[in-house]
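# Notes for the structure review
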Amino acid sequence: ATFAIDSNCVITHWNNACQRLSGHDARQMIGTSNHSLAFFGSLGPMLADRIVRGDTVGLEQFTPSAVINGAYENEAFFPNLGESGLWLHGTAAPLRDATGKVVGAIESINDVTARRLAENALRQAHSDLESLVHRRTGQLADVNDQLAKDIRIRQSAEDELRRRNIELTELNAKLSMAQE
């Protein structure tokens, strides 16, 4: 989704993807400054507005674009959009005239909800796996302790059997001598 604003923060372009994403028709948006209303449900500055106004105080909370000079990026959850809210990644860049003066801004917005949900599911699966590994490690430690105990008991029983075997062998030898 893409929209553009002029130096007065008035919408000059509102593409079809913007219409589908926000639910606001281009005819009702172009010529207004209601772009934040379409995404946030209230009026307030969007990233493109901050760039047009040179609002450096508000820009430090956003990430400078690695590929577009003077552009900024942000990713946020928009609870007013979609059935249960959408995660959107926005990139806003200044539009400059031939002299380099900022005459507007363009903002491109991508729905990254599926990626965010997959990341959250992956984090949850990782957490569940860590929990399972922790639980299984505890179970293995218990089994190892029991096995070590069983080995000690078996070793003790074998030692006792050897001792008795020696005693019986000696007793057998004495009986054999007594019989002779």
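We now turn to the structure provided with this report. (Residues numbered from 1 in each chain as written. Predicted model: local features only at pLDDT ≥ 70, side-chain atom pairs only at ≥ 80, totals over all residues. Heavy atoms only, no water.)

### As for the side chain of D49
Convention followed: Where helices and strands are cited, they refer to DSSP runs of H or I of at least four residues and of E of at least two residues respectively, numbered from the N terminus. Partly exposed describes any residue whose relative accessible area lies between the buried limit of under 20% and the exposed limit of over 50%, with all areas from a 1.4 Å probe on protein chains only and scaled to the type maximum. Charge counting treats Lys and Arg as positive and Asp and Glu as negative, with His and both chain ends excluded. Salt bridge, as applied in this entry: a Lys or Arg side-chain nitrogen positioned within 4 Å of an Asp or Glu carboxyl oxygen. Pairs of N or O atoms within 3.5 Å make up the polar contacts considered here, provided that, within protein, one atom can donate a hydrogen while the other can accept it, and that residues adjacent in sequence are counted only when both atoms are side-chain atoms. Only heavy atoms enter the contact rule, under which two residues are in contact if any of them lie within 4.5 Å.
Assignment of secondary structure puts D49 in helix α4 (residues 47-53). Buried within the structure, D49 lacks any salt-bridge partner; R53 is the closest side chain of opposite charge, at an N-O distance of 4.7 Å. At 2.7 Å, the side chain of D49 forms a polar contact with the backbone nitrogen of M46. If we skip the residues at most four places from it in the chain, D49 touches I5, C9, H35 and G44.

### Looking at the nonpolar core
Within soluble globular proteins, side chains that are nonpolar generally end up buried alongside one another. How we decide: Throughout, nonpolar core names a set of buried Ala, Val, Leu, Ile, Met, Phe, Trp, Tyr and Cys residues whose side chains join them through atoms within 4.5 Å.
Counting residues in each nonpolar core, the largest one holds 26 residues, and the members touching the most others are F3, I5, W14, L21, F39, L88 and I109. Every element with two or more residues in this core is listed here: β1 (2-6), β2 (11-14), α1 (16-22), α2 (26-29), α3 (35-40), α4, β5 (86-96) and β6 (102-111). Per-element tally for this core: the top contributor is α4, with 4 residues. Excluding residues that lie within four positions of it along the chain, L21 makes contacts with A1, F39, L81, L86, L88, I109 and D111.

### Digging into the environment of E158
Inspection of the secondary structure assignment puts E158 in helix α6 (residues 113-179). What makes E158 partly exposed here is its relative accessible area of 32%. A C-alpha to C-alpha distance of 72 Å links E158 and G82, two positions 76 residues apart in sequence.

### Thoughts on the side chain of S65
With respect to the helices and strands, S65 occurs in the loop between β3 (63-64) and β4 (72-78). At 3.1 Å, the side chain of S65 and the backbone nitrogen of I68 are in polar contact. Setting aside residues no more than four positions away along its own chain, S65 makes contact with A71, Y72 and E73.

### Some words on the pairing of β2
Counted only if it meets this: Two strands qualify as a pair provided that DSSP identifies no fewer than 2 bridges between them.
With 3 bridges connecting them, β1 and β2 associate as antiparallel partners. By the bridge assignment for β2, F3 is matched with W14. Here β1 folds back onto β2 in antiparallel fashion, the turn holding 4 residues, of which C9 has a positive phi close to 65°.

### Focus on the sheet that holds β5
Hydrogen bonds between backbone groups are what pair the strands of a sheet, and the pairing can be parallel or antiparallel. Here is the rule: Axis geometry follows a simple rule: fit a line to the C-alpha atoms, using only the stretch in contact for helices, then measure angles between N-to-C directions, giving values from 0 to 180 degrees.
If you trace the 6 strands from one edge of the open sheet to the other, you get β2-β1-β6-β5-β4-β3, paired in antiparallel fashion. Of all the strands in the sheet, the pair left with one neighbour each is β2 and β3. Looking at chain direction, β4 and β5 are connected through 7 bridges and run antiparallel. Counted as the bridge partner of A76 is L88 from β5. The sheet contacts of α6 involve β4, β5 and β6, and relative to β5 the element is tilted by about 135°.

### Here's the deal with the pairing of β4
The pairing of β3 with β4 spans 2 bridges and is antiparallel. Within β4, the position partnered with T63 by the bridge is E73.

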